[in-house]
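Observations on the model geometry
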Amino acid sequence: MEEKVPPQPQGDYPPPGAQGYAPPPGAPPAVGYAPPPQGYAPPPQGYAPPPQGYAPPPQGYAPPPGQAYAPPPGQAYAPPPGQGYAPPGAYAPPQVGYAPQVGGVPAGGQWMAAPAAIPGCPQGLEYLTQVNQLLIQQKVELLEAFTGFETANKYQIKNTLGQNVYFAAEDSDCCTRQCCGPLRAFDMKILDNNQQEVMHLERPFRCASCWTPCCLQELVVSSPPGTVIGYVKQRWSPIYPIFDIEDGNGDLILKIEGPCCAIGCGDVEFMVKSKDDTEIGKISKQWSGLAKEMFTDADNFGIQFPMDLDVKAKACLVGAVFLIDFMFFESTNNQNNQRTGVWQ
């Protein structure tokens, strides 16, 4: 039996304008309906930028309560929130002239502020232009006090305010100190608060007797080291210790005269005089107390001189103190072998 095929529509299919189909080309859109969307919305342009890095990790560990750690060298920590540091200039400037804590210079005590350079003045002697008195204190050496083993002498030179001006250290070998005692030759280095050698004293070995006038004591003063600025020379005298202070050319500028007996329970004074025998100052060996005088050879000296005295002459007077100390007040091996005068 033959199957019947339904008739096919003639013309366009689907018919123009049929419901659910797009209108024929050129036909106005249907009234009441929004026009179809023209494609899809464009995708977002990229992604939101990631956060700029991570929060910095804490710098180290928190210090224990009530304490704080020092910042790394050359850096500093910010002040805590809500607080702050004083603006620049609000604090007093640091004190100038403290001893560095290295080498042989003692770190304790306050040092005199370094003055400005002065034309014609040897570098390092500018301190002497500002003082008319100095105190020279020999340091007590415990090894020497308890064993009698002679050690190199060390001295602190201070002004009247107790501020350190210089530090002096003897430079001699052990054999010379033990065998020659107070007669020993030595070099004395005088340092400032920057550990710079500003003066150098040299004492050659000489006999100590009034019967040997050809071998009298002498001290050479140099500043800067290598440049001689003066001499301290013992003058022959059978009664009184007398010293001449000469400049670098060997011309007499000052004289020092001591007592006939340079020993006793009190201060011993050596008078400083001008060329015309006018007293202008003095060097005093100060009494340090019975115990210190008996069991040590650590001595204290004071120097007085005019404020306007030439700085090189002041330096020579400082050198004269060390020569006088070794000649009359230095003992060896805890023995009471100090000289009482030029005749011993």
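The rules behind each value
Residues numbered from 1 in each chain as written. Predicted model: local features only at pLDDT ≥ 70, side-chain atom pairs only at ≥ 80, totals over all residues. Heavy atoms only, no water. Helix = DSSP H or I, 4+ residues; strand = E, 2+ residues; numbered from the N terminus. Contact = heavy atoms within 4.5 Å. Areas by Shrake-Rupley, 256 points an atom, 1.4 Å probe, with all protein chains shown as cover. Phe/Tyr/Trp six-rings, centres within 6.5 Å; stacked < 30°, edge-to-face > 60°. Buried < 20%, exposed > 50% of the residue type's maximum accessible area, 1.4 Å probe, protein only. Lys NZ or Arg CZ within 6 Å of the ring centre and 35° of its normal. Pairing = 2+ DSSP bridges. Axes fitted to C-alpha atoms, helices over the stretch in contact; angles between N-to-C directions. Salt bridge = Lys/Arg side-chain N within 4 Å of Asp/Glu carboxyl O. pLDDT = per-residue confidence, 0-100. Expected span 1.5 Å × (residues − 1). Polar contact = N/O pair within 3.5 Å; in protein donor to acceptor, adjacent residues only side chain to side chain.

Attention now moves to the overall build of the protein. For the protein, the count of helices and strands is four helices and 12 strands. Residue pairs at least 24 apart in sequence account for 44% of intrachain contacts in the protein once pairs closer than 6 positions are excluded. As presented, the protein carries roughly 21,100 Å² of accessible surface, and 59% of it is formed by carbon and sulfur atoms.

Moving on to the packing of aromatic side chains. Enumeration according to the criterion identifies six aromatic pairs in this entry. Ring centres of Tyr127 and Tyr166 lie 5.5 Å apart, and the angle between their planes is 75°; this geometry places the pair in the edge-to-face category. Separated by 39 residues along the polypeptide, Tyr127 in the segment before strand S1 (133–138) and Tyr166 in strand S3 (residues 164–171) bring together distant segments of the chain. The pair formed by Tyr127 and Tyr166 is uniform in burial state, with each residue classed as buried. Taken together, the ring pairs connect Phe270, Phe301, Phe328 and Phe329 into an aromatic cluster. Here Lys233 stacks its cationic end above the ring of Tyr231, 5.1 Å away from the centre of that ring.

Time to look at the sheet that holds strand S9 (residues 252–257). Strand order in this closed barrel of 12 strands is S1-S2-S3-S4-S5-S6-S7-S8-S9-S10-S11-S12, and the pairing throughout is antiparallel. In this sheet, neighbouring strand axes are inclined to one another by 20° on average, regardless of whether the strands run parallel or antiparallel. Here S1 pairs with strand S12 (residues 300–304) via five bridges, running antiparallel. Note on S12: the bridge partner recorded for Leu134 is Ile303. Sheet strands touched by helix H4 (residues 311–329): S1, strand S2 (154–158), S3, strand S4 (186–191), strand S5 (197–203), strand S6 (218–222), strand S7 (228–235), strand S8 (242–247), S9, strand S10 (268–273), strand S11 (279–286) and S12. Its angle to S7, the strand with the most contacts, is close to 40°.

Cis rather than trans, the peptide bond between Ser223 and Pro224 has omega equal to -10°. Tracing the sequence through the fold places Pro224 in the loop between S6 and S7. Phi is positive for Gln195, which is not a glycine, with a value near 60°. Overall, Gln195 belongs to the partly exposed group, its relative accessible area being 26%. The phi dihedral of Asp277 falls on the positive side, at around 65°, and the residue is not glycine. Assignment of secondary structure puts Asp277 in the loop between S10 and S11.

Attention now moves to the pattern of salt bridges. In the structure shown here, the tally under the stated rule is six salt bridges. As a salt-bridge pair, Asp244 and Arg235 come within 2.7 Å of each other at their nearest N and O atoms. In this structure, the salt-bridge partner of Glu257 is Lys273, at a minimum N-O distance of 3.0 Å. Note that Glu257 is positioned in strand S9 and Lys273 in strand S10, a separation of 16 residues in sequence.

Quick look at the confidence of the model for the protein now. Averaged over all residues, the pLDDT of the protein is 75; the fraction at 70 or higher stands at 56%. Ignoring residues within four places in sequence, the model shows residues 79–103, a span with pLDDT below 50, making 27 contacts including any to other chains.

Turning our eyes to something else, we now look at the environment of Thr151. Looking at the element boundaries, Thr151 is found in the loop between helix H1 (142–147) and S2. Judged by relative accessible area, which is 12%, Thr151 ranks as buried. Taking the C-alpha atoms as reference points, Thr151 and Glu141, 10 residues apart in sequence, are found 7.4 Å from one another.

Our focus in this paragraph is H4. In this model, H4 (19 residues) spans 27 Å end to end at C-alpha, consistent with the 27 Å of a helix rising 1.5 Å per residue. The element H4 is extensively covered by neighbouring structure, given that 18 of its 19 residues are classed as buried. Between the side-chain oxygen of the N-cap and the backbone nitrogen of Lys312 there are 3.1 Å, and the N-cap of H4 in question is Asp310.

A few words now on the environment of Arg206. With respect to the element layout, Arg206 can be found in the loop between S5 and S6. As for Arg206 and Leu183, which are separated by 23 residues in sequence, their C-alpha atoms are 6.8 Å apart. Setting aside residues no more than four positions away along its own chain, Arg206 makes contact with Leu183, Cys215, Leu216, Gln217 and Glu218.

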